[in-house]
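# Geometric and topological summary
Each chain, letter by letter, is given below.
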Amino acid sequence: MNYDIARKRMVETQVVGRGVSDRRVIDAMLKVPRHLFVEEAMASQSYNDTPLPIGEKQTISQPYMVALMTELLELKGKERVLEIGTGSGYQAAILAVLADRVYTIERIRPLAMRARKVLDSLGLLNVNIKVDDGTCGWPEEAPFDAIIVTAGAPEIPEDLVRQLAPGGCLVLPVGSQVSQTLVRVRKGTDGAVSVEQSIGCRFVKLIGKHGWEAE
Ligand code: SAM
């Protein structure tokens with residue numbers, strides 16, 4: 001299988017074809033080899049229009065969802081970005097191409113370790129990973145210019161809003177355990193917070209102090 005062709009087709013049909021227009025996001029999606037972030041047996045499906053299992057009952061998000069959430073962050077290149085839910089490390093890789101530094105938190109250690117290896121193999125050395133409950137953020141490294149949560153939250157975690165820099169935005173799915181709405185929270189330069197809704201979506205659960213309880 002020619003992964004370069006598959007990736008180009010994915011970007012044309014699933015990303016640009018659905019209205020993502022930020023040139024930097026499009027270029028990052030063209031550049032990052034998504035097939036390296038899934039198990040070898042899944043590699044041939046990695047450019048399909050779906051989320052895929054990555055083990056530990058978790059998923060790598062659908063490519064369009066990665067592109068849309070990234071576009072909503074409006075990254076210009078100099079930001080410090082926090083991601084909650086490292087998973088495969090693919091979203092972190094896209095962010096690493098588009099921002100100055102990425103901090104990403106995963107609660108399942110084997111996923112964090114695998115992601116670290118793939119990111120290192122691609123030379124994406126501007127990504128810090130820690131194993132922890134990301135619903136409390138990363139206070140020692142705050143504030144962040146942008147925060148993205150890649151698991152479904154019951155509500156907007158207050159600690160994350162607190163750790164957002166003035167002028168920054170937080171993108172996350174909020175709703176029930178079976179369906180959510182993508183939400184963007186903006187913090188104005190005066191500290192005022194506003195909330196906008198985007199499309200409906202379905203993510204695995206955000207589990208933690210300010211998320212859902214583990215089963
Ligand atoms: N961004 C990932 C990628 O690019 O592959 C996909 C993330 S997957 C949809 C959601 C991830 O969030 C899972 O790996 C899950 O273990 C993680 N997660 C859930 N609750 C978490 C929490 N409180 N802190 C950190 N990670 C969490």
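Preceding this section is the structure that the text describes.
Residues numbered from 1 in each chain as written. Predicted model: local features only at pLDDT ≥ 70, side-chain atom pairs only at ≥ 80, totals over all residues. Heavy atoms only, no water.

## Some thoughts on the pairing of strand β1 (residues 52–55)
Every regular strand shows the same layout, with side chains that alternate between the two sheet faces. Our working definition: Here the rule is simple: two strands pair whenever DSSP picks up at least two bridges between them. For helices the rule is a DSSP run of H or I covering at least 4 residues; for strands it is a run of E covering at least 2, with both sets numbered from the N terminus onward.
Taken together, the three bridges between β1 and strand β2 (residues 58–60) define a ladder with antiparallel strand orientation. Residue pairing for β2: Gly55 is matched across the bridge by Gln58. Connecting β1 to the antiparallel partner β2 that follows it, the hairpin turn spans two residues, and Glu56 within it adopts a positive phi of roughly 60 degrees.

## A short note on the site of the ligand
Using the following cut-off: A cutoff of 4 Å decides nearness: a residue is near a molecule or strand if any of its heavy atoms lies inside that distance of it. Polar contacts, as used here, are pairs of N or O atoms within 3.5 Å; protein pairs need one atom able to donate a hydrogen and one able to accept it. Residues neighboring in sequence count only if both atoms are side-chain atoms. The accessible surface values rely on the Shrake-Rupley method and a 1.4 Å probe; as for residues, cover is taken only from the protein chains in view. Side-chain classes follow a simple rule in which Ala, Val, Leu, Ile, Met, Phe, Trp, Tyr, Cys and Pro form the nonpolar group, Asp, Glu, Lys and Arg form the charged group, and the remainder, Gly included, forms the polar group.
Around the ligand, the surrounding shell holds 28 residues, and the nearest of these are Gly85, Ser88, Glu106, Gly134 and Ile207. Contacts to the ligand include Arg107, whose backbone N or O atom sits 3.3 Å from a nitrogen atom. At a separation of 3.1 Å, a nitrogen atom of the ligand approaches a polar side-chain atom of Thr150. Expressed as a share of its isolated accessible area of 600 Å², the protein-covered part of the ligand is 99%. Of all elements in the fold, only β2, β3 (80–84), α4 (90–98) and β4 (101–106) reach the threshold of two or more residues within the shell around the ligand. Counting residues per element, the shell around the ligand draws most heavily on β2, which supplies three residues. Here the shell around the ligand is composed, by residue class, of ten nonpolar, twelve polar and six charged.

## A closer look at the packing of aromatic side chains
Note the following rule: Between rings of Phe, Tyr and Trp, where Trp is taken as its six-membered ring, a pair exists when centres lie within 6.5 Å; planes separated by under 30 degrees are stacked, by over 60 edge-to-face, and by other angles tilted. Note on classification: 1.4 Å probe, protein chains only; a residue is buried when its accessible area is under 20% of the maximum for its type, exposed when over 50%, partly exposed between these limits. When the NZ atom of lysine or the CZ atom of arginine is within 6 Å of a ring's centre and also within 35 degrees of its normal, the charge is said to sit over that ring.
What the rule picks out here adds up to four aromatic pairs. Ring geometry for Phe37 versus Tyr90: centroids 5.6 Å apart, planes at 70 degrees, classification edge-to-face. Note that Phe37 is positioned in the loop between α2 (23–31) and β1 and Tyr90 in helix α4, a separation of 53 residues in sequence. In this pair, the class of Phe37 matches that of Tyr90, namely buried. In this structure an aromatic cluster arises from ring pairing among Tyr103, Trp138 and Phe144. Its guanidinium or amino end placed over the ring of Tyr64, Arg18 lies 5.2 Å from that ring's centre, counting from NZ or CZ. Positioned above the aromatic ring of Tyr90, the side-chain terminus of Arg34 is 5.0 Å from the ring centre.

## Considering the environment of Pro51
The condition is simple: Throughout, a contact is declared for two residues whenever any of their heavy atoms are within 4.5 Å.
Position of Pro51 among the secondary structure elements: in the loop between α2 and β1. Classification of Pro51 as partly exposed rests on a relative accessible area of 43%. Each C-alpha atom, one on Pro51 and one on Val193, is 31 Å from the other, the two residues being 142 residues apart in sequence. Look past the residues within four positions of Pro51 in its chain and what remains in contact with it is Thr59, Ile60, Ser61 and Gln62.

## A look at the sheet that holds strand β8 (residues 180–187)
Each strand in a sheet pairs with another by means of backbone hydrogen bonds, the pair being arranged parallel or else antiparallel. Where we set the bar: Interaxial angle, 0 to 180 degrees, is taken between N-to-C directions of lines fitted to C-alpha atoms, where a helix line uses only the stretch in contact.
The sheet built from seven strands is open, its strands ordered β5-β4-β3-β6-β7-β8-β9 with mixed pairing. Edge strands, defined here as strands with exactly one partner in the open sheet, are β5 (127–131) and β9 (193–201). Across the sheet, the axes of successive neighbouring strands diverge by a mean angle of 15 degrees, strand direction being ignored. Bridge analysis of strand β7 (residues 164–175) against β8 gives seven bridges, and the strand direction is antiparallel. Within β8, the position partnered with Val171 by the bridge is Arg184. Against the sheet, helix α3 (residues 63–73) touches β6 (144–149), β7, β8 and β9, its axis set at about 150 degrees to β7.

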